[in-house]
Amino acid sequence: MALIPSSPPLSRFAQAIQRGEFLLTAEITPPKGSDTSTLLSLAQQLKGRVHAINITDSNRAMARMSPLAASLLLHQAGVEPILQLACRDRNRLALQGDLLGASALGLRNVLALTGDPIHIGDCPDARPVFDLESVRLLQLIQRLNNGLDCNGKPLPDGGTHLLAGAAVEPQSGSFSGLERRFHRKLENGAQFFQSQMVTDFEQLERFMDKLGRPAGKPILAGIFLLKSAKNAEFINRNLPGVKIPDEIIQRLANAAHPLEEGIRIAAEQVRQARQICHGVHLMAVKAEHLIPRILDEAGIPPLTH
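The shown structure was predicted, so the numbers you read here are calculated from the model rather than taken from an experiment.

S.K.: How would you summarise the pairing of strand β2 (residues 52-55) if you had to cite specific residues and measurements?
M.R.: Going residue by residue along β2, you find A52 and N54 tucked away on one face and I53 and I55 tucked away on the opposite face as well. Taken together, the four bridges between strand β1 (residues 23-28) and β2 define a ladder with parallel strand orientation. Counterpart to E27 in the pairing with β2 is N54. Read as a crossover between parallel neighbours, the route from β1 over helix α2 (residues 37-46) to β2 is right-handed. Taken together, the three bridges between β2 and strand β3 (residues 81-86) define a ladder with parallel strand orientation. When the sheet's bridge partners are listed, I55 is paired in β3 with L83. On the question of chirality, the crossover connecting β2 to the parallel β3 by way of helix α3 (residues 67-76) is right-handed.

In structure tokens form, the structure reads like this:
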């Protein structure tokens, strides 16, 4: 009699979700080249402080190392990755191939993204694909987990074992649009949500009251380390939907050491988020090594699992 293969154990991130812990994730950008020493050094500095590390997929449409390769390197180093996968650069055949490969390599966590537009990046003449978008990518992951391919036909060599996540924008200008897209992602298998950068915590609380808590899935608020008033003003000009309050910009402008003030602000926001949602997703571009200091300042100790 043929043995039915058992499902692999849950990822450590999925186990933390099951335990109902306050979830901590961070974000690392893969190298723009083949030297992975900085990537692996940063991952080791974050190990034991966050449940998982997002590996971005050429975010801002800037060409970088494959997130699948970078995620595997973290996995081999004993660090829990969340593989970000964007629809911008791959059709459904390539997406399916990467997802099957990720599962075979032992990668369990995937964040399904549509992807930033090509024209804002460093390869503006590249051809965008967008065969799918994030909701339909979630559908594909759900099919693969059920042992079916992108056409709904059985996979003869077995399905995937992936924990699918999605992005959410609590500060969207259209609540009806936010609600519709959030529910579509839920219906298509999203098991956790990471938000874009949060600057309005009253708006985050309204989102949690009306959508986040009733959904029954963990919501992680995006917390961004601001390095200076100039950095904050640049974000306000260039990131749609983000409005860093004037009082925060003034705090950074008046600070003798703006980066230290930025760490304090981020820690305050972590404490605020802890009272509202299920976790935080920490973004510290080119300063990921400071994330443990933010967590220390916020009173969050190293993980015990």
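From this point, the narrative continues.
S.K.: If you had to explain the packing of aromatic side chains to someone new, which residues and values would you point to?
M.R.: Evaluated as defined, the whole model comprises three aromatic pairs. Between the aromatic rings of F182 and F193, the centroid separation amounts to 4.6 Å while the plane-to-plane angle is 40 degrees, which identifies the pairing as tilted. Of the two residues, F182 sits in helix α6 (residues 175-187) while F193 sits in strand β6 (residues 192-197), which places them eleven residues apart along the sequence. Of the two residues, F182 and F193, neither departs from the other in class, the shared state being buried. Both rings, one in F182 and one in F207, keep their centres 5.4 Å apart while their planes meet at 80 degrees; by these two values the pair is edge-to-face. Of the two residues, F182 is situated in helix α6 and F207 in helix α7 (residues 201-215); the sequence distance between them amounts to 25 residues. Under the relative-accessibility criterion, F182 is labelled buried at 2%.

Each value, and the rule that gives it
- Residues numbered from 1 in each chain as written.
- Predicted model: local features only at pLDDT ≥ 70, side-chain atom pairs only at ≥ 80, totals over all residues.
- Heavy atoms only, no water.
- Buried < 20%, exposed > 50% of the residue type's maximum accessible area, 1.4 Å probe, protein only.
- Helix = DSSP H or I, 4+ residues; strand = E, 2+ residues; numbered from the N terminus.
- Pairing = 2+ DSSP bridges.
- Right-handed = clockwise from strand over helix to strand, strands pointing away.
- Phe/Tyr/Trp six-rings, centres within 6.5 Å; stacked < 30°, edge-to-face > 60°.

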